[in-house]
Amino acid sequence: MLRLAGLLADRAVAAAAVLLLLALLACVFLGVVFRLVNEPLAWSDEMAQYLMVWTAFVGWILAARRRSHIRITVVIDQLPPPLRRGAEVLIQLAVAALGMVLLSRSFGLIERNFDVEWVSLPLSAALVYVPMPIAGFAIVAQALVEIAEVLAGARQRDSEAGAAP
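As a starting point, this report considers the structure included with it.

Each value, and the rule that gives it
- Residue numbers here run from 1 along each chain, matching the order of that chain's written sequence.
- Local features in a predicted model are, by the rule used here, given only for residues with pLDDT of at least 70; side-chain atom pairs are given and counted only at 80 or more, and totals for whole chains, interfaces and linings are based on all residues.
- Excluding hydrogens and water, the side-chain figures rest on all heavy atoms present in the structure.
- Any residue with relative accessible area above 30% and no salt bridge may belong to a patch, with like charges joined within 9 Å and the nonpolar Val, Leu, Ile, Met, Phe, Trp and Tyr side chains within 5 Å.
- Note on areas: Shrake-Rupley with a 1.4 Å probe; residue coverage comes only from the protein chains shown.
- When a carboxyl oxygen of Asp or Glu is within 4 Å of a side-chain nitrogen of Lys or Arg, the pair counts as a salt bridge.
- Secondary structure elements follow DSSP: runs of H or I of four or more residues count as helices, runs of E of two or more count as strands, with numbering from the N terminus.
- In this description, a line fitted to the C-alpha atoms serves as the axis of each element, helices being fitted only across the stretch in contact, and the angle between N-to-C directions of two axes falls anywhere from 0 to 180 degrees.
- For this classification, under 35 degrees means roughly parallel, over 145 means roughly antiparallel, 65 to 115 means roughly perpendicular, and everything else is oblique.
- In a left-handed crossing the near helix is turned counterclockwise from the far helix by less than a right angle, and in a right-handed crossing that turn is clockwise.
- Among buried residues, those of type Ala, Val, Leu, Ile, Met, Phe, Trp, Tyr and Cys that are joined through side-chain atoms within 4.5 Å constitute a nonpolar core.
- Type-normalised accessible area, obtained with a 1.4 Å probe on protein chains alone, sets the label of each residue: buried when under 20%, exposed when over 50%, and partly exposed for intermediate values.
- Working rule for contacts: check all heavy atoms of both residues, and any pair within 4.5 Å makes them a contact.
- Here the aromatic set is Phe, Tyr and Trp, taking the six-membered ring for Trp, and pairing holds for ring centres within 6.5 Å; pairs whose planes are under 30 degrees apart are stacked, those over 60 apart are edge-to-face, and all others are tilted.

This part is about a nonpolar patch on the surface. A cluster of nonpolar side chains, contributed by Val28, Phe29, Leu30, Val32, Val33, Phe34, Leu36 and Val37, occupies part of the molecular surface with about 710 Å² of accessible area. Assignment of secondary structure puts Val33 in helix α1 (residues 2–36).

This is the structure we're talking about:
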């Protein structure tokens, strides 16, 4: 059941990444086309910037889930297996702490910007910060899963980036 939930979450995040990237591409394309005909869209640049922020957070979730963040493992690879597992647990605890900071601080950002509007569209600036608690929760959950896997001996972290989960 947990595996199915993870698979559905992975697919939902991948679909969100595709949709955000397509929306970003369409927004930039429209901005360029309308500039070429001397009718620039006032909102396309700002929308593209905010879509990029959302895409970055979704990308962070995808990279964490796929274990494709860059890792320099020169020192850790030299450790004996028990110390290597301990180091991996410490690394994942640090990642979880970062996710908790993001999760806890993001709600204040959303609240403080709720009544602020975008410069070019009548939308709340809080929308820019909405992916932050989602990313924070996802990063904490992924770090806890990785800690559980390391402690259970279910996997040794591959040294190569991009190893499949």
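As a further point, take the packing of α1 against helix α2 (residues 44–66). Packed helices, taken two at a time, are described by the angle between their axes plus the distance between the axes. The contact between α1 and α2 brings their axes to 9 Å, and the two run at 155°. For the element pair α1 / α2, the angle class is roughly antiparallel. Crossing angle aside, the handedness with which α1 passes α2 is left-handed.

With that out of the way, let us pick up the nonpolar core. Nonpolar side chains in soluble globular proteins generally cluster together in the buried interior. Membership of the largest hydrophobic core is limited to eight residues, which are Ala17, Leu20, Leu24, Cys27, Ala48, Leu51, Val58 and Leu62. Listing elements by their share of this core, those giving two or more residues are α1 and α2. Here Leu62 is in contact with Val13, Ala14 and Ala17, once residues within four sequence places are set aside. Within the second largest apolar cluster, six residues are counted, among which are Phe57, Ile61, Leu102 and Met132.

Across all of its chains, the model carries two aromatic pairs by this definition. Between Tyr50 and Trp118, the aromatic rings sit 4.5 Å apart at their centres with planes inclined by 70°, giving edge-to-face as the arrangement. Of this pair, Tyr50 sits in helix α2 while Trp118 is found in the loop between α3 (81–112) and α4 (131–152), placing the two residues 68 residues apart along the sequence. Each member of the pair, Tyr50 together with Trp118, is buried. Taken together, a centroid distance of 6.4 Å and an interplanar angle of 45° make the contact between Phe57 and Trp60 tilted. Within this pair, Phe57 and its partner Trp60 are both found in helix α2, separated by three residues, close to a single helical turn. Judged by its relative accessible area of 17%, Phe57 falls in the buried class. With a relative accessible area of 22%, Trp60 lands in the partly exposed category.

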